[in-house]
Amino acid sequence: MSLSRREALGAAVALPLAARTARAATPTLPDKDSFAATPVAYLDSASTHPISLGARAAMDAYVASRTLDPAALARKPVDRAGVIAKFARLVNADADEITWVQSTTMGEQAVLRALGLPGSKGRVVTDTLHFYAAFPMYLEMAKQGVDVAWVQARAGRIELDDMARTITPGTRLVSLSLVSTYNGFQHDLKAVCDLAHKVSALVYADIIHAAGAVPVDLHASGVDFAACASYKWLMGDFGLGFLYVRRGVWDQLPRTEYGYYGFAAPDAPPGIGLSPPQTHAYPLDPPGDAPVSYAVRTGALGHFATGTYAQAIVAALDHSLDYIGRLSVPAIQAHAQQLIAPLREGLRAKGYAIITPSGTTAPLLTALLPDAKARLSDSLAKAGVRVSLHDHHLRVSPSVFNDATDAERLLAALPRA
């Protein structure tokens, strides 16, 4: 039976109501019911996490409202400030320390611009377990006169002693991934921040593989900046994420981002609600000495907010952050580790070299294998198993919907190394 356009749009608006009703009960893990059924054993959430049925319903309802369908008009708009507050609670930050960014990389680049890099030169410390797509950025900065120091990984780890030797007086920024996309290594972020702050350096952390996957406490760590997109462990989608700027740090930085959401009417209350500047340029405007009167918004929003952002993903995050909160990050983390332990043992039994350090608690397990993509792509595709395959390693990343059967299916599909 086919639905009429009116029926389909009405269902899209109604779905979030059912999803909100389902929120009363905390799902048990593994939770397959909250996600669409699939014939694939999907063990690649560290690349792209599937969108839950509840998040999809929230996005569908938003899209219905964009069609101007009358059935959507009664739906209360998503509270954008509330979504930022939910993320702030997840990572133990204050809501005014958070703003939207398009992606993790956009957040990192905004921090670099605020520090005047590369033009102002100076020393930047990073490491070889940082996000590999950031490597060219720092190499290009080195070409422009920035003193970029690389801390090399040893046995799959970045040793704190090596960081201490590299973070020398005159260092302006330490840039790292809290959890490495390559092998799941996790920095002792507070220890790194303590080292950096002793020499008056600031610290930026890419938290895309941490937020929603392992407990994160930005305030306790002392980190100055952090950013993440939402399409991984926050269960959102591409095109929207968050930037954290520690209270007190933004006041020390020149403003380098100028956009619609960074400014407000002169008498606007704090917050992210729309209150546009007062123009003095159009007919019937009040008079003024300049084309516009405005106030710069306070906090991370005022310093780093720019233009429009992906509203459908805000709707998805409104659901997903509630879902993560109900489950709790420690429970999500423990569930992943229950699957990773037998996977680690099974991979070793088949001769694979594990390069995720022992004791790692992030939901990533990486094994070294020459020509991994070429050797494994066909066999895993035939078995209906999805992991992250690279030239010389494979990465497995289970999430809340995976169970022991998924892990067993992967191990059965893998040939001996």
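Computed from a predicted model, the values in this text were never measured in an experiment. (Residues numbered from 1 in each chain as written. Predicted model: local features only at pLDDT ≥ 70, side-chain atom pairs only at ≥ 80, totals over all residues. Heavy atoms only, no water.)

**Observations concerning the pattern of salt bridges**
If the charged atoms of two oppositely charged side chains come close together, the side chains can form a pair. Worth spelling out the cut-off: A pair is scored as a salt bridge if a Lys or Arg side-chain nitrogen falls within 4 Å of a carboxyl oxygen belonging to Asp or Glu. Strands here mean DSSP runs of E at least two residues long; helices mean DSSP runs of H or I at least four residues long; both are numbered from the N terminus. With a 1.4 Å probe rolled over the protein chains alone, any residue whose accessible area is under 20% of its type maximum counts as buried; one over 50% counts as exposed, and the rest are partly exposed.
Evaluation of the coordinates by the stated rule reveals 15 salt bridges. A salt bridge links Lys-86 to Asp-318; the shortest N-O distance between them is 2.5 Å. Of the two residues, Lys-86 is situated in helix H4 (residues 80–90) and Asp-318 in helix H11 (residues 311–327); the sequence distance between them amounts to 232 residues. A single burial state applies to Lys-86 and to Asp-318, both of which are buried. With a shortest N-O distance of 2.2 Å, Asp-162 and Arg-165 are connected by a salt bridge. Here Asp-162 and its partner Arg-165 are both found in helix H7 (residues 160–166), three residues apart, which amounts to about one turn of the helix. Here Asp-162 falls in the buried class, since its relative accessible area comes to 12%.

**Here we look at the environment of Ser-103**
Which entries qualify depends on this criterion: Each polar contact in these results corresponds to two N or O atoms within 3.5 Å; when the atoms are within protein, one needs to be able to donate a hydrogen and the other to accept it, and residues that are neighboring in sequence are counted only if both atoms are side-chain atoms.
As for its position among the elements, Ser-103 is in the loop between strand E2 (98–101) and helix H5 (104–114). For Ser-103, a relative accessible area of 22% corresponds to the partly exposed category. For the pair Ser-103 and Leu-240, spaced 137 residues apart in the sequence, the C-alpha separation amounts to 5.7 Å. A distance of 3.1 Å separates a polar atom in the side chain of Ser-103 from the backbone nitrogen of Met-106.

**Some remarks on unusual backbone geometry**
A cis amide bond, omega 0°, links Leu-29 with the succeeding residue Pro-30. Tracing the backbone shows Pro-30 in the loop between helix H1 (5–22) and strand E1 (41–42). Each neighbour pair has its own omega, and for Leu-117 with Pro-118 the value is 10°, a cis peptide bond. Note on placement: Pro-118 falls in the loop between H5 and strand E3 (123–127). Its identity is not glycine, yet Met-235 carries a phi of approximately 60°, on the positive side. Met-235 sits in the buried class, given a relative accessible area of 2%. Notably, Leu-284 is not glycine yet its phi reads approximately 75°, a positive angle. You can see Leu-284 is positioned in the loop between strand E10 (278–279) and strand E11 (292–293).

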